[in-house]
Every structure is written in structure tokens, then in C-alpha cells.
Amino acid sequence: DAGVIQSPRHEVTEMGQEVTLRCKPISGHDYLFWYRQTMMRGLELLIYFNNNVPIDDSGMPEDRFSAKMPNASFSTLKIQPSEPRDSAVYFCASSFRQGGGETQYFGPGTRLLVL
Amino acid sequence: EDKVVQSPLSLVVHEGDTVTLNCSYEVTNFRSLLWYKQEKKAPTFLFMLTSSGIEKKSGRLSSILDKKELFSILNITATQTGDSAVYLCAVAGGSYIPTFGRGTSLIVHP
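Just so we're clear, the structure is a prediction, and the values are computed from it rather than from any experiment. (Residues numbered from 1 in each chain as written. Chains lettered and ligands numbered in written order. Predicted model: local features only at pLDDT ≥ 70, side-chain atom pairs only at ≥ 80, totals over all residues. Heavy atoms only, no water.)

For this particular structure, what's the right way to read the overall build of chain A?
What chain A contains, in helices and strands, is 0 helices and 11 strands. Relative to its length of 115 residues, chain A is compact, with a C-alpha radius of gyration of 13 Å against a globular reference of 13 Å. C-alpha atoms of chain A, sized along the principal axes, occupy 40 × 25 × 25 Å. When the 115 residues of chain A are sorted by exposure, 49% land in the buried category. Partitioning the intrachain contacts of chain A with sequence separation of at least 6 by distance along the chain shows that 55% fall at a separation of at least 24. Put simply, chain A shows about 5700 Å² of open surface, and 50% of that area lies on carbon and sulfur atoms. The averaged location of the 13 negative side-chain charges in chain A is 3 Å from the averaged location of its 11 positive side-chain charges. (Helix = DSSP H or I, 4+ residues; strand = E, 2+ residues; numbered from the N terminus. Rg over C-alpha atoms; globule rule 2.2 N^0.38 Å. Buried < 20%, exposed > 50% of the residue type's maximum accessible area, 1.4 Å probe, protein only. Contact = heavy atoms within 4.5 Å. Areas by Shrake-Rupley, 256 points an atom, 1.4 Å probe, with all protein chains shown as cover. Lys, Arg positive; Asp, Glu negative; His and termini not counted. Charge placed at Lys NZ, Arg CZ, Asp CG, Glu CD.)

Right under this line is the structure:
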């Protein structure tokens, strides 16, 4: 398996623009997680899905952030409008409950810079 | 609210040294404790511990869990420059969803 795939790997945008991050989880995994990592706050869980259904989005900073999982092999995280404080590395991770679901497999991350 | 505290925050050693990284936690309905290694990219899984006193070992890395005292340690013997990374500890409770600590940054000098 290719592992968790994220795109783009790097994104530079201007404040106010819409940003869409994409994730393809490992095939067969039933959980998908979106994280944000910064030096100041470490690794923060934003939202997670189980079988494509959002379970907990309490970590989403505000209404500018939204996430969808239209099918088992694809998820997006959208920021609209983006702000400089959104600059961070965004990770997608997936896991398989029956296989010891706490073990998460992380994608390479998207490094976002909002100017 | 689940809580994970790692210490030290950072550590600088020379190749060949042995290091011990600490992780203490508070969690409802403890299920497992996980260690990850993060270099300049995504975290990669090292160990999952569920039972007290049973050491998990992989090469020069080993880890053990104490569920009574609510902590775990990660040992690295004969450190190498390739061990330089941030080591993350995470704890999963009844929800199965891990809570991550802030990590320990390890720098190994040649």
C-alpha cells in the first residue's frame, strides 16, 4: 500500500483565499483524522471521521474550517477565507479499529503558508 | 479531559549515549499508550503499550508502561545521529482517539 497520500505537499497563498487540502487514506482503514501542527501548539486534532461520517469536529478552530469525506478513499479540509494564523503543517492520518485502531498512520503533511 | 505530559522538552547528547524519555498521562478508561518518532516529516509509529511491566523492544529502542503510576519511558541505547527527532507520546482512552503530548526533541551530535 502507498500509505496515506496528501496533496498538495506545499501551499503558499494570500490572506483571504480559499485553500483545499486533500487526503487519501490507506485502503481498508475506517478512521480518518485531520491534524494541525505548529511550534506553539504542537499536534492538534481538528476532526475525525468513522466510516466517512464526521464524529468529532470540536477541534476545528472556527467556521472558516470545514471538512468532508464523500467516500472511503477521499477527504478534504477547506479553509475559507484563509488567514496568516492558519499557517501550519496539516496532517491527515488513518487507522483501522479492528487492527488496534489507536495506531494511526500519518500522511506526509501539507505545509501551508498564508501571507 | 485526557492529558499527556512529556519530559524533557529537549535533549542534546553525543553519539553512543543512552537516553530516557518520559511520558506521564491522565486518561479516562485507559486503552493504550503509543510512541511515535517524527523527523522532518510525518510521525511514524514506534510502539503501542497496553500492559504494565511488559517491555517492547525494537533494536536499540525499548519502552515500558507503568499503569499504576501512569507513565511510560522510552529508552534509546547507543544513540546515533539518525535518532535525532521529536518523539511523541500519545494515550488512547475509551474513545480510541489518541491525545498527543508536545513531544521531546532529541538531538544527537556526532
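Explain the sheet that holds strand β8 (residues 74-79) of chain A here, please?
Note on sheets: strands pair through backbone hydrogen bonds, and any given pair is parallel or antiparallel. All names here are of chain A. Spatially, 4 strands are ordered β1-β3-β8-β7 in an open sheet, and the strand pairing comes out antiparallel. Looking at which strands have only one partner, the edges of the open sheet turn out to be β1 (5-7) and β7 (65-71). Taken over all neighbouring pairs, the strand axes of this sheet differ in orientation by 15 degrees on average, direction set aside. Where β1 lies against strand β3 (residues 19-24), 3 bridges are found, and the strand directions are antiparallel. Residue pairing across strands places Ser 7 opposite Arg 22, the latter belonging to β3. (Pairing = 2+ DSSP bridges. Axes fitted to C-alpha atoms, helices over the stretch in contact; angles between N-to-C directions.)

Explanation requested: the pattern of salt bridges in the structure shown.
Close approach of charged atoms lets side chains of opposite charge pair. Residue and element names in this part refer to chain A. Considering all chains together, one arrives at 9 salt bridges over all chains under this definition. Linking Glu 83 and Arg 64 is a salt bridge whose minimum nitrogen-to-oxygen distance equals 3.5 Å. With Glu 83 in the loop between β8 and β9 (88-95) and Arg 64 in the loop between β6 (53-56) and β7, this residue pair connects regions lying 19 residues apart in the sequence. Residue Arg 64 is classed as buried on the basis of its relative accessible area, which comes to 10%. Put simply, Glu 83 and Arg 85 hold a salt bridge, and the shortest N to O gap is 2.6 Å. For Glu 83, a relative accessible area of 23% gives the class partly exposed. By relative accessible area, Arg 85 is classed as exposed at 54%. Each member of the salt-bridge network shares a partner with another, and the members are Glu 62, Arg 64, Glu 83, Arg 85 and Asp 86. (Salt bridge = Lys/Arg side-chain N within 4 Å of Asp/Glu carboxyl O.)

Any chance you could explain the layout of surface pockets here in plain terms?
Each pocket or cavity is described by its volume, and for the largest pocket that value is around 810 Å³. Forming the walls of the largest pocket are 26 residues, and the residues nearest its centre are Gln 37 and Met 39 of chain A together with Gln 38, Glu 39 and Val 86 of chain B. For the lining of the largest pocket, the element with the highest residue contribution is strand β11 (residues 104-109) of chain B, accounting for 4 residues. Class assignment of the residues belonging to the lining of the largest pocket gives a composition of 10 nonpolar, 10 polar and 6 charged. The space that makes up the second largest pocket amounts to roughly 350 Å³. Put simply, the parts of the chain that give the lining of the second largest pocket at least two residues each are β5 (42-50) of chain A together with β10 (98-100) of chain B. (1 Å grid on protein atoms, 1.4 Å probe; cavity = no way out; pocket = protein on both sides within 12 Å on 5 of 7 lines; lining within 4 Å. Points joined across faces, edges and corners; volume = space filled by probe spheres on them. Nonpolar A, V, L, I, M, F, W, Y, C, P; charged D, E, K, R; others polar.)

I tried to follow the interface of chain B and chain A on my own but got confused; where do I start?
When the parts of a complex come together, some accessible area is lost, and that lost area is often taken as the interface size. At the interface, 18 residues of chain B touch 19 residues of chain A. Surface buried jointly by chain B and chain A totals about 1500 Å² across both partners, of which 60% is contributed by carbon and sulfur atoms. Taken together, the connections running from chain B to chain A amount to 0 salt bridges. Viewed at the interface, chain A and chain B are joined by 4 residue pairs in polar contact (both at pLDDT 80 or more). Every element with two or more residues in the side of chain B that touches chain A is listed here: β4 (32-38), β5 (43-49), β9 (85-92) and β10 of chain B. Split by residue class, the side of chain B that touches chain A holds 12 nonpolar, 3 polar and 3 charged. (Buried area = accessible area lost by both parts, 1.4 Å probe. Polar contact = N/O pair within 3.5 Å; in protein donor to acceptor, adjacent residues only side chain to side chain.)

Even after reading the chapter, I still don't get the nonpolar core, so can you show me in this structure?
Nonpolar side chains tend to gather and get buried jointly when the protein is soluble and globular. All names here are of chain A. Among the nonpolar cores identified, the biggest contains 21 residues, and Trp 34, Leu 77 and Tyr 90 are the most heavily contacted of them. Going through the elements one at a time, β3, β4 (31-38), β5, β7, β8, β9 and β11 (110-114) are the ones with two or more residues in this core. Discounting residues that sit within four places of it in the chain, Tyr 90 has contacts with Gln 6, Leu 21, Tyr 35, Arg 36, Leu 46, Phe 65, Leu 77, Ile 79, Gly 109, Thr 110 and Leu 112. (Core = buried A, V, L, I, M, F, W, Y, C linked by side-chain atoms within 4.5 Å.)

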